[in-house]
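Chain residues, written in single-letter form:
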Amino acid sequence: NAGVTQTPKFQVLKTGQSMTLQCAQDMNHEYMSWYRQDPGMGLRLIHYSVGAGITDQGEVPNGYNVSRSTTEDFPLRLLSAAPSQTSVYFCASSYSRSPGGTEAFFGQGTRLTVV
Amino acid sequence: AQSVAQPEDQVNVAEGNPLTVKCTYSVSGNPYLFWYVQYPNRGLQFLLKYITGDNLVKGSYGFEAEFNKSQTSFHLKKPSALVSDSALYFCAVRRGSGGSYIPTFGRGTSLIVHP
């Protein structure tokens, strides 16, 4: 049982390049989300999904796209990388809304640098 | 809207002394509250949660948290700190019913335990 797997762990991009951050979970969780972590800013929600085929914007969605074609995968696409997107990105998944399973499971993170 | 405030960027405590990391929240309706810990270069790990019931919640590694509805607080505590507790701690809140069920995180508090 791998939990939440993110790839790559590190990435350097040039301004204007595009790339996809991968996230996969094997726990059959309905909810998946992407956060970015910046010093002094905590975790900020980029996009989230409440099930396959359903996505919505979070607090800082500009410059990012997501899709959820399967329960397991939730990739994050950077359309045209900018230095302001230099950050550590975390993918998380969680159970349904029931009280017994509401905590989030996080991946190990992707450290992205845009030069 | 839901929000979390962690008023201290850093908490310093001597090993063996009790520790408290503060968290206050704002959310419509009944809150679901969480604490997570992040060690360097790692993802967030779940510590404990409050859903309903007893206001004192016990979690992993000897941590506990007290839910105070009147003060809208959910402070993290431990009776005797260890050097290995040094890490970044995040409080999170989400609505108990309705809304997106995606939690909002605080900015994090760095806990430093001195030998």
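Everything discussed here concerns the structure shown above.
Just so you know, these numbers come straight off a predicted model, no measurement behind them.

## Topic: the overall build of chain B
- If you tally the helices and strands in chain B, you get zero helices and twelve strands.
- When the helices and strands of chain B are read in sequence order from the N terminus, they spell out β-β-β-β-β-β-β-β-β-β-β-β.
- A principal-axis box enclosing the C-alpha atoms of chain B has dimensions of 45 × 30 × 20 Å.
- Counting the 115 residues in chain B, one finds 47% classified as buried.
- Put simply, 58% of the contacts in chain B that link residues at least 6 apart link residues at least 24 apart.
- Within the structure as shown, chain B displays about 5300 Å² of accessible surface, and the carbon and sulfur contribution to it stands at 48%.
- Charge separation in chain B, taken as the distance between the mean sites of 10 positive and 7 negative side-chain charges, equals 10 Å.

## A word on the interface of chain B and chain A
- On the chain A side, the residues contacting the 21 residues of chain B number 22 residues.
- Overall, the association of chain B and chain A removes approximately 1800 Å² of surface from exposure, summing both partners, and the carbon and sulfur fraction of that is 55%.
- Taken together, chain B and chain A are joined by one salt bridge.
- For Lys49 of chain B, the salt bridge goes to Glu103 of chain A, with nearest N and O atoms at 2.9 Å.
- Joining chain B to chain A, the criterion identifies seven residue pairs in polar contact (both at pLDDT 80 or more).
- Counting only elements with at least two residues in the side of chain B that touches chain A, the list comes to strand E5 (31–38), strand E6 (44–50) and strand E10 (87–95) of chain B.
- Tallied by class, residues from the side of chain B that touches chain A come to twelve nonpolar, five polar and four charged.

## Observations regarding the state of the cysteines
Residue and element names in this part refer to chain A.
- Following the criterion strictly, the structure yields two disulfides over all chains and no others.
- Note on cysteine connectivity: Cys23 is disulfide-linked to Cys91, with sulfurs 1.9 Å apart. Here the disulfide of Cys23 and Cys91 is left-handed, its torsion about the S-S bond being about -70°. Of this pair, Cys23 sits in strand E3 (residues 19–25) while Cys91 sits in strand E9 (residues 87–94), and the two are 68 residues apart along the sequence.
- Given the relative accessible area of 1%, Cys23 is considered buried.
- Judged by its relative accessible area of 0%, Cys91 falls in the buried class.

## With respect to the pattern of salt bridges
All names here are of chain A.
- By the definition in use, this model includes six salt bridges over all chains.
- In this structure, Asp38 engages Arg44 in a salt bridge whose closest nitrogen and oxygen atoms are separated by 2.8 Å. A single burial state applies to Asp38 and to Arg44, both of which are buried.
- One salt-bridge network, held together by shared partners, links Arg36, Asp38 and Arg44.

## Notes on empty space enclosed by the protein
- Inspection of the entire model under this criterion finds two cavities of 30 Å³ or more.
- Approximately 50 Å³ is the volume attributed to the largest cavity.
- Every residue along the wall of the largest cavity is listed here: Tyr31, Ser33, Tyr35, Ala92, Ser93, Ser94 and Ala104 of chain A together with Ile102 and Pro103 of chain B.
- Elements represented by at least two residues in the lining of the largest cavity include exactly strand E4 (31–38) and E9 of chain A.
- Across the lining of the largest cavity, the residue classes break down as six nonpolar, three polar and no charged.

## Some thoughts on the nonpolar core
All names here are of chain B.
- Ranked by size, the top nonpolar core spans 27 residues in total, and within it Trp35, Leu47, Leu48, Phe74, Leu76 and Tyr89 carry the most contacts.
- Secondary structure elements with two or more residues in this core: strand E2 (10–14), strand E3 (19–21), E5, E6, strand E8 (64–68), strand E9 (73–78), E10 and strand E12 (109–114).
- Among the elements that make up this core, the one with the highest residue count is E10 (four residues).
- Look past the residues within four positions of Leu47 in its chain and what remains in contact with it is Trp35, Tyr36, Val37, Gly59, Ser60, Tyr61, Phe63, Leu76 and Tyr89.

Definitions and limits used
- Residues numbered from 1 in each chain as written.
- Chains lettered and ligands numbered in written order.
- Predicted model: local features only at pLDDT ≥ 70, side-chain atom pairs only at ≥ 80, totals over all residues.
- Heavy atoms only, no water.
- Helix = DSSP H or I, 4+ residues; strand = E, 2+ residues; numbered from the N terminus.
- Buried < 20%, exposed > 50% of the residue type's maximum accessible area, 1.4 Å probe, protein only.
- Contact = heavy atoms within 4.5 Å.
- Areas by Shrake-Rupley, 256 points an atom, 1.4 Å probe, with all protein chains shown as cover.
- Lys, Arg positive; Asp, Glu negative; His and termini not counted.
- Charge placed at Lys NZ, Arg CZ, Asp CG, Glu CD.
- Buried area = accessible area lost by both parts, 1.4 Å probe.
- Salt bridge = Lys/Arg side-chain N within 4 Å of Asp/Glu carboxyl O.
- Polar contact = N/O pair within 3.5 Å; in protein donor to acceptor, adjacent residues only side chain to side chain.
- Nonpolar A, V, L, I, M, F, W, Y, C, P; charged D, E, K, R; others polar.
- Disulfide = S-S within 2.5 Å.
- 1 Å grid on protein atoms, 1.4 Å probe; cavity = no way out; pocket = protein on both sides within 12 Å on 5 of 7 lines; lining within 4 Å.
- Points joined across faces, edges and corners; volume = space filled by probe spheres on them.
- Core = buried A, V, L, I, M, F, W, Y, C linked by side-chain atoms within 4.5 Å.

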